[in-house]
Amino acid sequence: MNIIDNFITLTQIPHCSHNSDKLFEFLIEYAKKHNYTVKSDKTKNILISKGSPKMALQAHYDMVCMGEAPNIETYIKDGWMYAKNSSLGADNGIAIAMMMSLMKRGEELEFLLTADEEVGLIGAGNLNLELNAKYMLNVDYEDEAIVCIGCAGGADIVATKSFSQSESYPYTYEVSITGLIGGHSGIDIDKNIPNAIKLLAEYLEDKEILIASFKGGERRNSIPTNARAILTSKEPLEDNELVEIKPLDELLVVYESQEFIKLLAKFKTGVHHYNEEFNLPESSINLAIVTFEQGQAKIESSSRSMSAEGQSKIDSYAIELFKNYGYEVKIEDKYSPWRPEVNEFTSLVNQSMEKVFGESRYEAIHAGLECGVILERYPHIKFASIGPNIDSPHSTREGVELASVEKTFKVIEELITKL
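Residues numbered from 1 in each chain as written. Predicted model: local features only at pLDDT ≥ 70, side-chain atom pairs only at ≥ 80, totals over all residues. Heavy atoms only, no water.

**Q** It is not clear to me how the pairing of strand β11 (residues 171-177) should be interpreted in this structure. Could you clarify?
**A** Walk down a regular strand and you will see the side chains alternate between the two sheet faces. Within β11, 6 of the 7 residues are buried, leaving the element largely enclosed by the surrounding structure. Judged from the 7 bridges that link them, β11 and strand β15 (residues 227-233) form a sheet pairing that is antiparallel. Residue Y171 lies in a different strand from β15, and its bridge partner there is S233. When β11 meets strand β16 (residues 244-247), the two strands line up antiparallel, connected through 4 bridges. Bridge pairing links E174 to K246 in β16. (Buried < 20%, exposed > 50% of the residue type's maximum accessible area, 1.4 Å probe, protein only. Helix = DSSP H or I, 4+ residues; strand = E, 2+ residues; numbered from the N terminus. Pairing = 2+ DSSP bridges.)

**Q** Whenever I open this one, the layout of surface pockets confuses me. Can you help?
**A** One water molecule sets the probe size; rolling that probe over the atoms shows where empty space is left. Taken as a whole, the largest pocket encloses approximately 410 Å³ of empty space. Taken together, 24 residues line the largest pocket, and the ones lying closest to its centre are D143, I187, K191, E363 and I365. For the lining of the largest pocket, the secondary structure elements donating two or more residues are β19 (280-293), β22 (361-365) and β24 (390-391). The element that contributes the greatest number of residues to the lining of the largest pocket is β22, accounting for 3 residues. Among the residues making up the lining of the largest pocket, the classes are represented as 12 nonpolar, 4 polar and 8 charged. (1 Å grid on protein atoms, 1.4 Å probe; cavity = no way out; pocket = protein on both sides within 12 Å on 5 of 7 lines; lining within 4 Å. Points joined across faces, edges and corners; volume = space filled by probe spheres on them. Nonpolar A, V, L, I, M, F, W, Y, C, P; charged D, E, K, R; others polar.)

**Q** Is there a simple way to think about the state of the cysteines in this case?
**A** All chains considered together, the criterion is met by 1 disulfide. In this model C16 forms its disulfide with C65; the gap between the sulfur atoms is 2.0 Å. On the sign convention where negative is left-handed, the bridge of C16 and C65, at about -95° about the S-S bond, is left-handed. Remark: C65 occurs in the loop between β3 (55-60) and β4 (74-77) and C16 occurs in the loop between α1 (2-11) and α2 (21-33); sequence separation between them is 49 residues. Among the residues examined, C65 registers a relative accessible area of 6% and is labelled buried. Its sulfur unpaired, C371 is 6.3 Å from the next cysteine sulfur, which belongs to C151. (Disulfide = S-S within 2.5 Å.)

**Q** Where do I start with the nonpolar core in this structure?
**A** In summary, soluble globular proteins display a tendency toward joint burial of nonpolar side chains. Membership of the largest hydrophobic core comes to 62 residues, with the highest contact counts inside it found for L57, Y61, F111, L137 and I412. Among the elements that take part in this core, helix α3 (residues 90-105) stands out by supplying 10 residues, more than any other. In this structure Y61 touches H15, S20, L23, F24, L27, K44, I46, I96, L113, T114 and A115, once residues within four positions along its chain are discounted. Ranked by size, the runner-up nonpolar core spans 41 residues in total, among them I197, F260, L264 and F322. (Core = buried A, V, L, I, M, F, W, Y, C linked by side-chain atoms within 4.5 Å. Contact = heavy atoms within 4.5 Å.)

**Q** Explanation requested: helix α6 (residues 258-266) in the structure shown.
**A** Think of an α-helix as 3.6 residues a turn; residues three or four steps apart then line up on the same face. Those residues of α6 that fall on the buried side of the exposure criterion are F260, I261, L263, L264 and A265. Here the buried face of α6 lies against α5 (196-204), β13 (209-216), β19, β20 (296-305) and α7 (308-324).

**Q** Quick question: what am I supposed to make of the packing of α2 against α3 here?
**A** Where α2 contacts α3, the axes come no closer than 10 Å and their chain directions differ by 20°. The pairing of α2 with α3 is recorded here as roughly parallel in orientation. Residues F26, L27, Y30 and A31 of α2 form the contact with α3, whose participating residues are I96, M100, M103 and K104. Counted by class, the contact of α2 with α3 contains 7 nonpolar, no polar and 1 charged residues. (Axes fitted to C-alpha atoms, helices over the stretch in contact; angles between N-to-C directions. Parallel < 35°, antiparallel > 145°, perpendicular 65-115°, else oblique.)

**Q** Sorry, what's going on with the packing of aromatic side chains here?
**A** Each aromatic ring pair is characterised by the separation of its centres together with the angle its planes make. For the structure on display, the rule yields 14 aromatic pairs. Taking the centre distance of 6.4 Å and the plane angle of 65° together, the rings of F163 and Y327 count as edge-to-face. A residue pair is termed long-range when its members are at least 10 positions apart, and F163 in the loop between β9 (153-162) and β10 (165-166) and Y327 in the loop between α7 and β21 (328-335) qualify at 164 residues. Ring centres of F214 and F260 lie 5.5 Å apart, and the angle between their planes is 80°; on these two criteria the pair is classed as edge-to-face. Taken together, the positions of F214 in strand β13 and F260 in helix α6 put the pair 46 residues apart, joining distant regions of the chain. The class of F214 is buried, set by a relative accessible area of 1%. When its relative accessible area of 0% is taken as the criterion, F260 is described as buried. Put simply, the rings of F163, F214, Y255, F260, F267, F292, Y317, F322 and Y327 pair up and form one aromatic cluster. Here the guanidinium or amino end of K44 rests over the ring plane of F24, the centre of that ring lying 5.5 Å away. (Phe/Tyr/Trp six-rings, centres within 6.5 Å; stacked < 30°, edge-to-face > 60°. Lys NZ or Arg CZ within 6 Å of the ring centre and 35° of its normal.)

Function cannot be inferred from these measures alone, as they are strictly geometric.
See below:
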């Protein structure tokens, strides 16, 4: 299958978020090789076009690198493709692979490839290219036979505080929780996936300890799989089935950190409100990345909501909590929700989906898609989002169903024929 061959090629080109220049260059050269016009902007978004198309296909070309990524070794099991000990990058590499196949055919389409989506929709938020298509199909959804017509907005909330140095307690340890399953902080936030930072803080909360360092989490949009603290304790510590205790024989510089631990333990990570209409979370927040070094604490969290009002409330919850504990707070990379709408384009996509899969339904998603951000800048464009079955994105368990890729591509071919 040409799409899968394309995808395997992409996995061998490093393209972690903030480090995707090699793929940027490859995609430009590939498009030019197949006689497409190529433009890019300062954020390294890429617009590829031929003719006067009515439809644009859109995807991001960065990936969340977990485990050993960007060193990716793929394998196939029971009709699914995975990567050994790393994230796969099917989110959103499969969409790019589909586009490469369409370029090879010379289809008259626009292809919008955005940069650094996985770290705050940076490319979409700074998009500066002239789009001409009337319709845009985002190919970043992760369930087949569904037409996504709306998504959550979100924000990254960063809190910082300095702590005073203190005299050490007699027992010195490395205390850690590692190897949890992780997951996407949007679509997986209601699946009761354990958060390593939260669990470690709850273990330490009732103990008399002083921290030298603390590090937890991997990405703002991933549920943390690991957390580790170097500390001194007034009493001996014992491990349990989750927490590993390793005694250390060294002198540490430690800090007054009880309030730091209390805040992490109190932080309500996960779903705050539920949306009954679409049967998904309405508002949520993920305790994502925590660092404590030389008395300087930094806590990064990722909030989401399906509405502007809900976003304001969930952000206010976190900001108020942080300020009550004396932290300085700032909001980074805020992006708007995409309000669900059925229109002539979504109806056309739905009809094509029904023809290929025999069924289809509309859905919204509790995660950030670039449609909402792009729609703010290009309000004349009609949007829809589709994609093949992708399981556990943003984790080392990520997999993509190959038969679903083939069928989803047929939906795109149907749309090209109709338009």
